[in-house]
Amino acid sequence: ISKLKECDFVIGSRYMKGGSCNYSGYRLFVSKLANLAANFFLKIPLDETTTSFRAFNTNSLIKLNISSIRSQGYSFFLESLFYIHKAKLTMTQIPIHFIDRRFGKSKIPTFELFNGMFNLSKLILIKWFSKNDSKSQNNNIKGKCFNCASEFLFELYKSNNQDRKAKNSVEA
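Below or above, wherever it landed, is the structure these notes cover. (Residues numbered from 1 in each chain as written. Predicted model: local features only at pLDDT ≥ 70, side-chain atom pairs only at ≥ 80, totals over all residues. Heavy atoms only, no water.)

Along the backbone of the chain there are three helices and seven strands. Reading the chain from its N terminus to its C terminus gives the helix and strand order β-β-α-β-α-β-β-α-β-β. Looking at the chain as a whole, 37% of its 172 residues qualify as buried. Within the chain, contacts between residues at least 6 apart in sequence are counted, and of these 71% link residues at least 24 apart. (Helix = DSSP H or I, 4+ residues; strand = E, 2+ residues; numbered from the N terminus. Buried < 20%, exposed > 50% of the residue type's maximum accessible area, 1.4 Å probe, protein only. Contact = heavy atoms within 4.5 Å.)

Okay, structure coming up:
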């Protein structure tokens with residue numbers, strides 16, 4: 001939490017110096033491979049991209065139109081990190097010890113592995129072919145919410161129509 005005073009985003013990393021992970025085998029292989037591929041292709045300057053142990057500085061979230069991220073499940077973690085990096089938010093990592101479960105089975109269905117590969121491929125194409133993606137731009141709406149007077153508004157659906165009604169905005 002203290003790191004959020006100096007950064008927009010903090011992630012826990014089991015793969016950075018000081019971090020550790022006590023599982024092995026197939027699960028460790030898939031995790032390391034996913035992180036290597038994401039780092040190699042997306043050039044995100046972190047040792048870990050797949051963990052959900054993360055924190056955001058809420059004042060910085062307004063710079064990221066997070067509601068426009070379409071990935072669900074575990075793929076959301078990589079896609080959100082991609083757009084955090086693309087929006088040039090400041091990021092840091094802290095070492096964590098990731099403990100394998102003692103009981104039960106993995107919550108990740110096999111399909112999610114293929115979904116993750118598809119999502120990574122989609123992000124690679126966006127990185128290579130898109131110079132200016134709306135998800136990393138500031139889509140703030142000037143004005144206040146008509147329900148609560150909050151100034152934290154953003155568009156759900158980007159439109160060329162300048163007369164977009166307040167119903168298409170949400171409170172952040």
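Before going further, it helps to spend a moment on the side chain of Ser60. Along the chain, the position of Ser60 falls in the loop between strand S3 (54-56) and helix H2 (75-86). With residues up to four places along the chain from it excluded, the contact list for Ser60 reads Asp8 and Leu89.

Mapped onto the secondary structure, Ser31 falls in helix H1 (residues 25-42). Sequence-distant contacts of Ser31, defined by excluding residues within four places in its chain, comprise Arg14, Tyr15, Tyr23 and Thr50.

Moving on to the environment of Ile126. Among the secondary structure elements, Ile126 is positioned in helix H3 (residues 110-129). Along the backbone, Ile126 and Leu42 are 84 residues apart, and their C-alpha atoms lie at a distance of 9.8 Å.

Moving on: the sheet that holds S3. Pairing within the open sheet is mixed, and its three strands lie in the order S3-S1-S4. Each edge of the open sheet carries a strand with a single partner, namely S3 and strand S4 (91-95). For this sheet, the mean inter-axis angle between neighbouring strands, taken without regard to orientation, is 20 degrees. In terms of strand pairing, strand S1 (residues 9-13) meets S3 through three bridges, oriented antiparallel. Looking across to S3, one finds that Val10 is bridged to Ala55. (Pairing = 2+ DSSP bridges. Axes fitted to C-alpha atoms, helices over the stretch in contact; angles between N-to-C directions.)

Moving on to the environment of Phe82. Residue position: Phe82 is located in helix H2. We classify Phe82 as buried; its relative accessible area is 4%. A C-alpha to C-alpha distance of 7.2 Å links Phe82 and Ile44, two positions 38 residues apart in sequence. If near-sequence neighbours (up to four positions away) are discounted, Phe82 is found in contact with Leu42, Ile44, Leu123, Ile126 and Lys127.

Honestly, it's all geometry; don't read function into it.
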